[in-house]
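# Close look at the chain arrangement
Residue strings, one per chain:
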Amino acid sequence: MIMKIDLSINLAGIKMKNPVMVASGTFNLEYAKIFDLNKLGAIITKSITLKPRAGNPPPRIVETPFGILNSIGLENAGIESFVLKELPLYKKLKLPLIVSIAGKTEQEYVDLIKILEKEAGISAYELNLSCPNIKKGGIVFSQSPEILSSLIKKTLTLTRLPLIAKLTPEVNDIVKIAKTAEKNGISALALSNTFLGMSIDYKKRKPRLGNIFGGLSGPAIKPLALRIVYQAARRVKIPIIGMGGITNFMDALEFIIAGAAAISIGTANFINPKTALEVIQGIKDYLRKNNLSLKKLRESLK
Ligand SMILES: Cc1cc2nc3c(=O)[nH]c(=O)nc-3n(C[C@H](O)[C@H](O)[C@H](O)COP(=O)(O)O)c2cc1C
């Protein structure tokens, strides 16, 4: 008899048919032309800001060995346009929608949630506290336990939906930041965003990115991101969405074994838009072959 594999999870109250999501900024509704988006565990939108943002000067993406550097700079049409034009399309899908928001100040996060709270069809908010392009006093929000605590406390009171904190990997002690977020009542962690990097064209003797610096993503960061998930998962009880360089089911399994309750696919979507589907199938086959549940797999690290 073929064993029925149940991939469904309840991630801090978000009911998903499988643990595979697509990462903020790397996926949009155009993918619906390629496959049925309802097969995904959840969709996370690109980060939305209060006002429209034109983004950083070009070039904004360069390829690097086994990865890409991006300095998109949160280009987006702003919350008003999102609510009017994009949200109605997302609402037609039958899967949890997680809206990612980013602000320059604490107040902007507050205002964004207040606006989104008036809308139906949203399952959770992801607070992007880690965009290398938005800094307060030279640091991103999730680099400071104080700024992080204050922001979580303010936003928590505004909604009954789960709040996910997306953290930067660029800290000395990820456990300290993860525990700070947990202590202040965050529902889940997204670990993690990109690593800051740069690339120089030696012929022109010029940085390749218009913004000089950009976030490194893709397979190049996988061992770094995996280590962060592993460290945090051992010390917090809230669920972790693991990401960073996942390109196939084997990468995804590594993150789950490291302690991730769910995983997110980012850069790989640009190379193979069906990566998430292949990852779902691969996880399913692996569990069946090894007679494991997702939970057992997560607790199986020797
Ligand atoms: C082009 C591009 C745009 C991104 N935009 C966002 C964004 O708007 N908000 C966010 O939280 N993360 C953003 N990210 C980060 C990804 O969501 C993800 O955390 C990161 O790329 C690591 O995963 P990966 O190696 O699978 O890409 C972006 C990444 C890329 C490559």
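Figured I'd write up the structure that's included with this text. Every value quoted in this text rests on a predicted model; they were computed, and no experiment measured them. (Residues numbered from 1 in each chain as written. Predicted model: local features only at pLDDT ≥ 70, side-chain atom pairs only at ≥ 80, totals over all residues. Heavy atoms only, no water.)

What follows concerns the overall build of the protein chain. On a plain count of helices and strands, the protein chain comes out with nine helices and 16 strands. The C-alpha radius of gyration of the protein chain comes to 18 Å, within 12% of the 19 Å expected for a compact globule of 302 residues. Once the C-alpha set of the protein chain is aligned to its principal axes, its extents read approximately 60 × 50 × 40 Å. When the 302 residues of the protein chain are sorted by exposure, 54% land in the buried category. Considering only contacts within the protein chain whose residues lie at least 6 apart along the sequence, 69% involve residues at least 24 apart. Total accessible area on the protein chain stands at roughly 14300 Å², and carbon and sulfur atoms take up 55% of it. Once the 43 positive and 23 negative side-chain charges of the protein chain are each reduced to a mean point, those two points are 2 Å apart. (Helix = DSSP H or I, 4+ residues; strand = E, 2+ residues; numbered from the N terminus. Rg over C-alpha atoms; globule rule 2.2 N^0.38 Å. Buried < 20%, exposed > 50% of the residue type's maximum accessible area, 1.4 Å probe, protein only. Contact = heavy atoms within 4.5 Å. Areas by Shrake-Rupley, 256 points an atom, 1.4 Å probe, with all protein chains shown as cover. Lys, Arg positive; Asp, Glu negative; His and termini not counted. Charge placed at Lys NZ, Arg CZ, Asp CG, Glu CD.)

All right, on to the packing of helix 1 (residues 79-91) against helix 2 (residues 106-116) then. Viewed as axis vectors pointing N to C, helix 1 and helix 2 meet at an angle of 25°, and their least axial separation amounts to 11 Å. Overall, the two elements helix 1 and helix 2 adopt an arrangement that is roughly parallel. You can see that helix 1 and helix 2 cross each other, and the crossing is right-handed. Judged by residue contacts, I79, F82 and V83 of helix 1 engage L112, I115 and L116 from helix 2. Residue composition of the contact of helix 1 with helix 2, by class: six nonpolar, no polar and no charged. (Axes fitted to C-alpha atoms, helices over the stretch in contact; angles between N-to-C directions. Parallel < 35°, antiparallel > 145°, perpendicular 65-115°, else oblique. Left-handed = near helix turned anticlockwise from the far one by under 90°. Nonpolar A, V, L, I, M, F, W, Y, C, P; charged D, E, K, R; others polar.)

The next subject is the site of the ligand. Around the ligand lies a shell of 23 residues, among which S24, S47, K166, G245 and T267 are the nearest. Here an oxygen atom of the ligand sits 3.2 Å away from a polar atom, N or O, in the side chain of N128. A distance of 2.6 Å separates an oxygen atom of the ligand from a polar side-chain atom of T267. (Near = heavy atom within 4 Å. Polar contact = N/O pair within 3.5 Å; in protein donor to acceptor, adjacent residues only side chain to side chain.)

So, on to helix 8 (residues 275-290). The terminal C-alpha atoms of helix 8, which comprises 16 residues, lie 22 Å apart, in line with the 22 Å expected from a rise of 1.5 Å per residue. Considered for burial, the residues of helix 8 that qualify are T275, A276, V279, I280, G282, I283 and L287. Looking straight down helix 8, one finds its buried side chains confined to an arc of 170°; they lie on one side. In this structure, the buried residues of helix 8 make contact with strand 3 (20-22), helix 6 (249-258), strand 16 (262-265), helix 7 (268-271) and helix 9 (294-298). Positive backbone phi, approximately 50°, marks N291, located one or two places after helix 8. (Expected span 1.5 Å × (residues − 1). Arc of directions from axis to C-beta.)

If you walk through the whole model with that rule in mind, you get four aromatic pairs. Ring geometry for F27 against Y31: centres 4.1 Å apart, planes inclined by 20°, an arrangement best described as stacked. Each ring, one from Y109 and one from F141, has its centre 5.4 Å from the other, and the planes form 85°; the classification is edge-to-face. Residue Y109 is found in helix 2, and its partner F141 is found in the loop between strand 8 (124-128) and helix 3 (145-156); the two are separated by 32 residues along the sequence. Here Y109 matches F141 in class, with each residue buried. Through pairs of rings, three or more aromatic residues link up here, namely F27, Y31 and F35. Across the ring face of Y230, the terminal group of R234 is positioned such that the distance to the ring centre comes to 4.0 Å. (Phe/Tyr/Trp six-rings, centres within 6.5 Å; stacked < 30°, edge-to-face > 60°. Lys NZ or Arg CZ within 6 Å of the ring centre and 35° of its normal.)

A cluster of nonpolar side chains, contributed by L196, M198, I200, I212 and F213, occupies part of the molecular surface with about 440 Å² of accessible area. Note that L196 resides in strand 11 (residues 195-198). (Patch = residues over 30% accessible without salt bridge, like charges linked within 9 Å, V, L, I, M, F, W, Y side chains within 5 Å. Salt bridge = Lys/Arg side-chain N within 4 Å of Asp/Glu carboxyl O.)

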